[in-house]
Structure formats: structure tokens, C-alpha cells
Amino acid sequence: MTRAARVPFLLAALLTLAGVILGVGLVPSVAQDPIRIGASLSLTGTYAALGQNQQRGYQLCAKHVNDKGGVLGRRIEFVFYDDQSQPATGVRLYERLITQDGVDLVLGPYSSAITEAVANVNEKYKKPMVAPMASTTSIFKKGRKFIFMVQSPAEVYLEGLIDLAARNGLRTVALINEDTLFPKASIQGAIELAKKKGLQVVFVEAYPKGHTDFSAILTKIRAANPDVLGAATYFDDAVAITRQMKELNVNPKMYEVTVGGDLPKFYELLGKNAEYVYGATQWEPELPYPGTKDFVEAYRKEFPGADLSYHSAGGYAGCQVLVEGVRRARSLDGEKIRGEILKLNLNTVYGAFRVDDDGFQVAHKMVMFQWQDGKKVIVWPEDLAAGKARFPTPAWNQR
Amino acid sequence: MKWVILGALVLGLGLLGLYPLVATGYGVRFMLQLFMWVALAQSWNLISGLTGYVSFGHVAFFGTGAYAAGILIAVHGWHWAWASLGGGAASAVLAFLIGYPCLRLKGPYFAIAMLGLNEVMRVLVSYFEGLTGGGLGLSLPTLYASVEIYYAMGLTALAVTALAHLIITSRFGLRLMTIREDEVAAEAMGINTARHKLYAFLISAFAPGVVGGLFARDQGYIEPIAVFPLAITITMIVMALFGGKGTIWGPVLGAAVLFVLQELVWARFLYLHQALFGAIIILVVLFMPRGILGVLQQRYRLPRYV
């Protein structure tokens, strides 16, 4: 066979392979007519790890719902696709789930970006979508009717710090943030909250993404001598700021980072210097929400060795919310389910769920923890606190 | 032969024109994105397939068009059709700015400069957040216009393919291919290579800008990492290579086959699809470096308008 003659054979082989695979994929399932829930998740690509965590939450929820006899007397079953962390693929796949695969219900993808893009598809077909992993406020404030938020928005990440500071009689707050929109929204929220609680914001400054030297900004803060320092961060800057605060002896009575402080690596890198640092998080396995303990145990048993994070619990809770909406609507009709979800006042493994008329989350509580003897101890809000805040933070040379 | 192809073309276009009347929402969306890849692969072909100057950052034009059109729509209230053309114009301007100096570079330098351009654009878009929304992305008003965008995207793909036909069968195209085969010889023959390359580059940058604009309107939401990923450049290159670079119908064929394969096979194999993509690249490069059409041309001596 000449080299060129091989090509048609190769192509034919490839197409045959595709045909076989497709054929296998299309064999209809013979189950007794389950309710099918479609979701496209970031199983590969940038968000893969987090999307997979979320998927395990969905899967575990389906198992638990089915163990208890399903919903409306039917089992539930997921149809998953991989959007490769790309909004365009997500849009196509949701369109496919709804118009081609004919799923009965949908659940949200991972990330604000992909949720924002696919929300238009669900809106078009009036499919209610509980979107557990989207926390950007604007998605839910565009007049959409069929999308529901599960997490707390960026604006309340520093609420614990402000609240606890006000209760302890502290007066002045300094705020710094990475100059991107999520941290910025956190700071704007904190400024509003501080005003409400009667605290005085004495210093606000942003630093560019990728910044590593915070000495200038920290020197200014030392001069302003605030009682409280709130930093809207990601992981790397959270570590660097804490380290340089010690070097420059910047010593507020309370200091919180928003994102990054919750990772075990934060303590590994900083050791003793992480003590007394406060951090914000959406969810922790220790929280005393109904079913959380069972969820964590079942998760560890079902997926041994797999990562467990708030993305898993959020996914599980999103599925809980949708199933409860269906149960109360006694129907798979999108409008009816929407009506019931708007009325829900539910306690999930992820915490409280209640949305306003826009589907915007109003009940879920951010929690604030403090690093104490190498452990994260939840210290705010009071009703969820596992311990007391160690207050005030002692000077660096006395830790 | 020419008439057979022309007849098939007219019939095919007619069917595609009527398709949204009978298709599901998914079908329309699928074809819309297929058109998008045809237009992107074809536009890459116009510079890299014809002149041999490999652009590793073509997605920069896509993203620039998406942002230019997105801002025109969201901030200035333009109709999406005009805004998309504006996106194309913005990309052409960018192409001039980068192409004028960089197309004089030989060897891998142009490829690397394009890679850099993409990164620069992504960072710039993140930086000017007052205008672009930065990392939080740019949200357009909600609009359900899949069918209109389907036609617009289809027309764009058709236009850029017609352009490829026009160029490849013209003296201009012959000169570009001369540059690809031997630039020094081309210069010796009196071809103003710098100017020819620049023209080809400008033409090649316009369509991705328009496509980006239509994409922004269709998605309703764009963010830097979604419209400037290297993956889009790689995909358009692979599609053009697979079908046959430097030919008229190669990029169309490559985009169609790979996109359909992706939807049929890769969506069902969550973790395998990236390996399959890699395997296809290797097979193509090993067994048919000139792509499907290239091989067919070699075997059957197809005319130049194929």
C-alpha cells in the first residue's frame, strides 16, 4: 500500500470507531422512567478540580435522594457533560441537555463565568436552575427569573470582621484589596457594613494583581494605626501580607484575609505567624448544619481519598434545593418549581437557603474562623461558633 | 467538475439557510459554533496557510473583536451587527500595529510575537476594568437571537471562504505562496514581500474580530480568560492542518470533521477527549502533513479552486 493509500483506511477506521462509540452511547437506558437532571461541569480545564468536587456533591445527593425513594415516586438520575471550563461549550451543552436530550431539570455548572453564560439558555426554556457555585451578584440582578443563588455574595466576605470588631468596641478600620473585581466587591461591601455599624474607615487602598511587596502599603497602615485590618485577598497575597506585617510590626487588634486563609497551606507556610489571623469561608465540614456530619461521613465513604471542599457541599445543597422545589411543586413544570423555590426556607448541609424575588441569596451565612493552635476555629457568627475569638491579637513579639 | 462543485455548494447553502426552521435550539447552536470554527480556521489559513508565517496568537483578534463589540453593545447601545463589524475593524487595526513591525521578522519570531500579543491583550483587558469589567467580565443585555447570530456567523464563514477562493486563485495568492515556498526568491522576483504579508495579515485578522463580536453577542457574557485562551488558537490551527492548509476547502473540511467528532465522541469520554485530540494531531502530522485535501490533491490532481 502506498503512503497516500493508507489515508482513506485510517479515516475509515476512525469513523467506524466513532460510530461504535456513538452507538454504545445511544443505547437507551431501561430504568423505570427516572427524572433526569442535566448538568455540565468543569471536569477538565482550568476549574477541573473544583468542578469535580461539585460533581461528587451532585452524585452523592442523587444517591441519598434515591435511597429515600426518590422524588415524586421516581428515581433521579444525572446526565453530566464536561464543558472543559469554557463558557461557550457550557452554553452548547445546556442547549443540548434541554432541547436534544430532553432532561427534566437542570443544575448549575461551576464558576460565575460559565453560569452567567448558560443562564440565558435556561431562561429561554424556562428551566429553573439552582446555581450553587456562582457568587457574583450581577448574575442574579439582571432580571432573570429562573436562576437561584446558593452561596453568599462577595460583598459579605468581611461581615464577620466588622461585626465582631463593633461588638468589641473597636473604632477604626483599614481595608486593602487586590485590584480585581471580586476582592473589590468584598471591600465595597465591608465599607457599607462598617458605616452601618458605626466604625470609621480610615484607610482604603488597592494593590495590583501579582503584587508581592506590600511594605509601602503596610507602612502607611502602620501610620494610620487602625484597630482592624481587613484584606480582600487570594492565597499568595494573603501569605505575603501576613509575613510582611510581622517584619514591619504592623499590629492591628484584628486582622482578616478573605480568600486563601482557609487553606491548610496557609498555616503550613506561616506557622506560628498565622495564629490569631481571621479568615472567611463559605462552609467548613465542622459546621453544625443539619445533615452536615452525615454528608461528610458519607462523602468520605463514597469517594475515599477524594478532595472535599465547600464546592462539594454546595453542589449537594444545590441538588437538595432543587429536589425540595420539585417535591413541593408536585410537578416538573418550570414555572411551578420556580414558585416553590422562591418560597423555600430550607436548611441544607451548606447552611440556610432563602432567596429574594430575583433568586439572590439572602440567608446563607459566611463564617469567620480564627487560626488557634494550628486549627481553624469558627468564631463567627455566634450561633455557629465552635469557640471564642482570641481577642485582642497580641503584639508580634509576644506570640 | 467546476459546475458540480458549484451546484453542490448552492444546494448546501440552501439547506443550511433553511435549517433553523426545522432544527432544535441545540442544532442551531451547534451549527452556529461550527460556522465560528470554520471562519476562524479559514482566517488563520489566510495568513499562515498561504505565507507560511505561523500565527500562534490568532485568538488575540478574536478576543479583541469580542471586547470591542461587547463594549459597543453594552456601553454605547449599538446593534450587534454593526458592533461586530466594529470588532472586525478593531482587530484589523491591531493587526496593522503588530504586523507592520513583526512581519519583517523571519523564522519563529513572528510566531512568538503573536503569542506575546495575545498575552498582552489579555492583561490589558484585565487592567482597564473601567471599560472592560476586568476579571469580572463584561455582561451584555440579555437577548435571545441565536437564529439571527446563526445567519450572521454563517455569512461570515461563507465570506471568509469566498475570500480564500478569491485570493488563492489570484495572482496575489500566488505571490503569497511564493513567499511561503522561498521568500528570498520571491523578493528576487520583485515581489514586495513585506507589503504582501501585511495585506494578507490584515485580511486574516478582520474575520476573527467579527466572529469574536458575534460570539460575545451570542454568549451574552465575556471575560478575559474565555476569549483569549491559547486553546482557541491551537484548535483553529489543528482544524486548518487537518483539512489541509493553503487550500480553499481544507479549513472548512477540517473544522467540520473535528467539531462533529468532538461533539459525538469527546463529549462522551470525559477524560479521553484531550488524549484523542493529541492523537489526531500526531496522526495528521505523521501521515498527512498536508491535511485531507492535500492528500487528495496529490492523488487526484484536484484543481486549484478546491
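Every value quoted in this text rests on a predicted model; they were computed, and no experiment measured them.

S.K.: What is the right way to read the packing of helix 2 (residues 25–51) of chain B against helix 8 (residues 171–181) of chain B from this model?
M.R.: The angle between the axes and the distance between the axes are what describe a pair of packed helices. Residue and element names in this part refer to chain B. Relative orientation of the contacting elements helix 2 and helix 8 amounts to 55°, with a least axis distance of 7 Å. The orientation of helix 2 relative to helix 8 falls into the category oblique. Where helix 2 abuts helix 8, its residues Gly49, Leu50 and Thr51 lie against Leu176, Met177, Ile179 and Arg180. For the contact of helix 2 with helix 8, the residue count by class is 4 nonpolar, 2 polar and 1 charged.

S.K.: When you look at the confidence of the model for chain A in this model, what are you seeing that I'm missing?
M.R.: The predicted coordinates of low-pLDDT regions are not to be read in fine detail. Taken over all residues, the pLDDT of chain A has a mean of 89, while the share at 70 or more is 91%. Confidence drops under pLDDT 50 across residues 19–31 of chain A; counting only partners more than four residues distant or on other chains, this segment forms 6 contacts.

S.K.: Before we go on, may I ask you to explain a nonpolar patch on the surface in this structure?
M.R.: Side chains of Val54, Phe56, Leu115, Leu230 and Ile234 of chain B sit close together on the surface and give an oily, nonpolar patch of about 350 Å² of accessible area. Judged by relative accessible area, Leu115 of chain B falls into the partly exposed class, the value being 34%.

S.K.: For this particular structure, what's the right way to read the side chain of Asp82 of chain A?
M.R.: Residue and element names in this part refer to chain A. With respect to the element layout, Asp82 can be found in strand 2 (residues 76–82). Here Asp82 is buried and forms no salt bridge, its nearest opposite-charge partner Arg92 lying at an N-O distance of 10 Å. Reaching out from Asp82, the side chain makes a polar contact with the backbone nitrogen of Leu43 at a distance of 3.0 Å. For Asp82, the side chain forms a polar contact with the side chain of Thr44, separated by 2.6 Å.

S.K.: Would you take a moment to explain the nonpolar core for this structure?
M.R.: The nonpolar side chains of soluble globular proteins are, as a tendency, buried together. Membership of the largest hydrophobic core comes to 100 residues, with the highest contact counts inside it found for Leu107, Phe266, Trp283, Phe295 and Phe353 of chain A. Examining the composition of this core, we find that 9 residues originate from one element, helix 12 (residues 310–329) of chain A, more than from any other. In this structure Trp283 of chain A touches Tyr289, Thr292, Phe295, Val296, Leu308, Ser309, Tyr310, Ala313, Val349 and Tyr350 of chain A, once residues within four positions along its chain are discounted. Ile47, Cys102, Tyr150 and Met236 of chain B belong to the second largest nonpolar core, which has 93 residues in total.

S.K.: So what exactly am I meant to see when it comes to the packing of helix 3 (residues 59–74) of chain B against helix 4 (residues 80–102) of chain B here?
M.R.: All names here are of chain B. Helix 4 packs onto helix 3 with a crossing angle of 135° between their chain directions and a minimal axis gap of 7 Å. On the basis of the axis angle, helix 3 is oblique to helix 4. Crossing hand, helix 3 versus helix 4: right-handed. For the pair formed by helix 3 and helix 4, the contact residues are Ala60, Phe61, Thr64, Gly65, Ala68, Ala69, Leu72 and Ile73 on the first element and Trp80, Ala83, Ser84, Gly86, Gly87, Ala90, Ser91, Leu94 and Ala95 on the second. Residues of the contact of helix 3 with helix 4, tallied by class, amount to 11 nonpolar, 6 polar and no charged.

Rules of the game
Residues numbered from 1 in each chain as written. Chains lettered and ligands numbered in written order. Predicted model: local features only at pLDDT ≥ 70, side-chain atom pairs only at ≥ 80, totals over all residues. Heavy atoms only, no water. Axes fitted to C-alpha atoms, helices over the stretch in contact; angles between N-to-C directions. Helix = DSSP H or I, 4+ residues; strand = E, 2+ residues; numbered from the N terminus. Parallel < 35°, antiparallel > 145°, perpendicular 65-115°, else oblique. Contact = heavy atoms within 4.5 Å. Nonpolar A, V, L, I, M, F, W, Y, C, P; charged D, E, K, R; others polar. pLDDT = per-residue confidence, 0-100. Patch = residues over 30% accessible without salt bridge, like charges linked within 9 Å, V, L, I, M, F, W, Y side chains within 5 Å. Areas by Shrake-Rupley, 256 points an atom, 1.4 Å probe, with all protein chains shown as cover. Salt bridge = Lys/Arg side-chain N within 4 Å of Asp/Glu carboxyl O. Buried < 20%, exposed > 50% of the residue type's maximum accessible area, 1.4 Å probe, protein only. Lys, Arg positive; Asp, Glu negative; His and termini not counted. Polar contact = N/O pair within 3.5 Å; in protein donor to acceptor, adjacent residues only side chain to side chain. Core = buried A, V, L, I, M, F, W, Y, C linked by side-chain atoms within 4.5 Å. Left-handed = near helix turned anticlockwise from the far one by under 90°.

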